[in-house]
Amino acid sequence: MARKTDPAQVTELLLQALETERGGIQIYTAAIAAAQNEDLKKEWGEYLEETRTHEQVLTRVFQELGMDTEAQSPGRAVVAHMGESLVAAIKMAMAKADPAAAELVAAECVVLAETKDHQNWELIGRVAEQGGPHAKALKAAHEAVEQDEDHHLYHTKGWCRELWIQSLGMPAVLPPPEEEKNVETAIGAARAENARGDYL
């Protein structure tokens, strides 16, 4: 049986989700500038374009629901600050560290951003499942975006792990197994990590 969701908190989730996508565009732009590995640079370029699309998907949701895309909330302000901080961290690493270290910082910043982004979309999917007046718009948006979000999070986590392993002087798998296995789930990501020895 469907339960009633808190309308104010659904609004808060959507405001944070839109701000996360906007911040993601800036984070990927900075991360691409820091990337040294050509495969990673190409992948993040694709993710940047997908993130722009996700921002457009959410903007359409706001229009359909009669919401203001520029409405502010304390939570949205925090998300904006976090995004700006991640961009600043990447730029700091590029200015003060060697290129390989800056690339690693960029990967970590993308993982942090995508963890929030992934959770936003998971929650949007859960709200859609509850039914109600917003369900159709949220369900369509969730279905359009969810697979991209899985890909962004699990693949970048793989890249981050392997770049760290490489930096430690151990044999790394680049591109990571998550790429080879085209991972789309947490279980798939765990299996890919466990199978990394097969790729060395």
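In the block above lies the structure referred to throughout.
Residues numbered from 1 in each chain as written. Predicted model: local features only at pLDDT ≥ 70, side-chain atom pairs only at ≥ 80, totals over all residues. Heavy atoms only, no water.

Re the layout of surface pockets
Then step 1. There is about 230 Å³ of room inside the largest pocket.
Then step 2. Around the largest pocket sit 14 residues that line it, and Thr-5, Pro-7, Val-10, Pro-133 and His-134 are the ones nearest its centre.
Then step 3. It is helix α1 (residues 7–34) that provides the largest number of residues to the lining of the largest pocket, a total of three residues.
Then step 4. For the lining of the largest pocket, a count of residues per class yields six nonpolar, six polar and two charged. (1 Å grid on protein atoms, 1.4 Å probe; cavity = no way out; pocket = protein on both sides within 12 Å on 5 of 7 lines; lining within 4 Å. Points joined across faces, edges and corners; volume = space filled by probe spheres on them. Helix = DSSP H or I, 4+ residues; strand = E, 2+ residues; numbered from the N terminus. Nonpolar A, V, L, I, M, F, W, Y, C, P; charged D, E, K, R; others polar.)

Looking at the side chain of His-142
Then step 1. Structurally, His-142 can be placed in helix α5 (residues 135–167).
Then step 2. His-142 sits in the buried class, given a relative accessible area of 13%.
Then step 3. Ignoring anything within four residues of it in the chain, the contact list for His-142 reads Trp-121, Ile-124 and Gly-125. (Buried < 20%, exposed > 50% of the residue type's maximum accessible area, 1.4 Å probe, protein only. Contact = heavy atoms within 4.5 Å.)

Some remarks on the pattern of salt bridges
Then step 1. Applying the stated criterion to the full structure yields eleven salt bridges.
Then step 2. We note a salt bridge from Glu-70 to Arg-22, for which the minimum N-O separation is 2.9 Å. Taken together, the residues Glu-70 in the loop between α2 (38–65) and α3 (74–96) and Arg-22 in helix α1 connect sequence positions 48 residues apart.
Then step 3. For Glu-70, a relative accessible area of 45% corresponds to the partly exposed category.
Then step 4. Across the pair Lys-139 and Glu-143 runs a salt bridge whose closest N-O atoms are separated by 2.6 Å. Note that Lys-139 and Glu-143 are positioned in helix α5 at a spacing of four residues, about one turn of the helix.
Then step 5. Lys-139 gets classed as partly exposed once you look at its relative accessible area, which sits at 46%.
Then step 6. Within the structure, one salt-bridge network assembled from shared partners comprises Arg-161, Glu-162, Glu-178, Glu-193 and Arg-196. (Salt bridge = Lys/Arg side-chain N within 4 Å of Asp/Glu carboxyl O.)

Thoughts on the nonpolar core
Then step 1. Within the largest apolar cluster, 25 residues are counted, with the highest numbers of intra-cluster contacts made by Ile-27, Tyr-28, Ala-31, Trp-44, Ile-90, Ala-106 and Val-110.
Then step 2. When residues of this core are traced back to their parent elements, those giving at least two are α1, α2, α3, α4 (99–129) and α5.
Then step 3. Apart from the residues within four sequence positions on either side, Val-110 is in contact with Ile-27, Tyr-28, Ala-31, Trp-44 and Thr-156. (Core = buried A, V, L, I, M, F, W, Y, C linked by side-chain atoms within 4.5 Å.)

Some points on α3
Then step 1. Taking 1.5 Å per residue, 23 residues should reach 33 Å; α3 reaches 32 Å between its end C-alpha atoms and fits that length.
Then step 2. All of the buried residues in α3 are Gly-75, Arg-76, Val-79, Gly-83, Leu-86, Val-87, Ile-90 and Ala-93.
Then step 3. Taken together, the buried residues of α3 touch α1 and α4. (Expected span 1.5 Å × (residues − 1).)

Some thoughts on the packing of aromatic side chains
Then step 1. This model, assessed by the stated rule, comprises one aromatic pair.
Then step 2. Consider the rings of Tyr-28 and Tyr-47, whose centres lie 6.0 Å apart with planes at 75 degrees: the pair is edge-to-face. Here the residue Tyr-28 occupies a position in helix α1, and Tyr-47 occupies one in helix α2, the gap between them amounting to 19 residues. (Phe/Tyr/Trp six-rings, centres within 6.5 Å; stacked < 30°, edge-to-face > 60°.)

Details of a nonpolar patch on the surface
Then step 1. Judged by side-chain polarity, Trp-164, Leu-168 and Met-170 come together as a nonpolar surface patch covering roughly 320 Å² of accessible area.
Then step 2. Mapped onto the elements, Leu-168 comes out in the loop between α5 and α6 (177–180).
Then step 3. Classification of Leu-168 as exposed rests on a relative accessible area of 54%. (Patch = residues over 30% accessible without salt bridge, like charges linked within 9 Å, V, L, I, M, F, W, Y side chains within 5 Å. Areas by Shrake-Rupley, 256 points an atom, 1.4 Å probe, with all protein chains shown as cover.)

A look at the environment of Arg-161
Then step 1. Structurally, the position occupied by Arg-161 is in helix α5.
Then step 2. Residue classification places Arg-161 among the buried positions, given a relative accessible area of 16%.
Then step 3. With 53 residues separating them in the primary sequence, Arg-161 and Glu-108 have C-alpha atoms 9.1 Å apart.
Then step 4. Residues in contact with Arg-161, not counting those within four places in the same chain, are Pro-176, Pro-177, Glu-178, Glu-193 and Arg-196.

What to know about the packing of α1 against α3
When two helices pack together, their arrangement is given by the angle between their axes and by how far apart the axes lie.
Then step 1. Where α1 meets α3, the axes come as close as 8 Å, and the angle between the chain directions of the two elements is 5 degrees. As summarised for this structure, α1 and α3 are arranged roughly parallel, according to the angle between their axes.
Then step 2. Classifying every residue of the contact of α1 with α3 by side-chain character gives 13 nonpolar, five polar and four charged. (Axes fitted to C-alpha atoms, helices over the stretch in contact; angles between N-to-C directions. Parallel < 35°, antiparallel > 145°, perpendicular 65-115°, else oblique.)

Any functional reading would require information that these geometric values do not contain.
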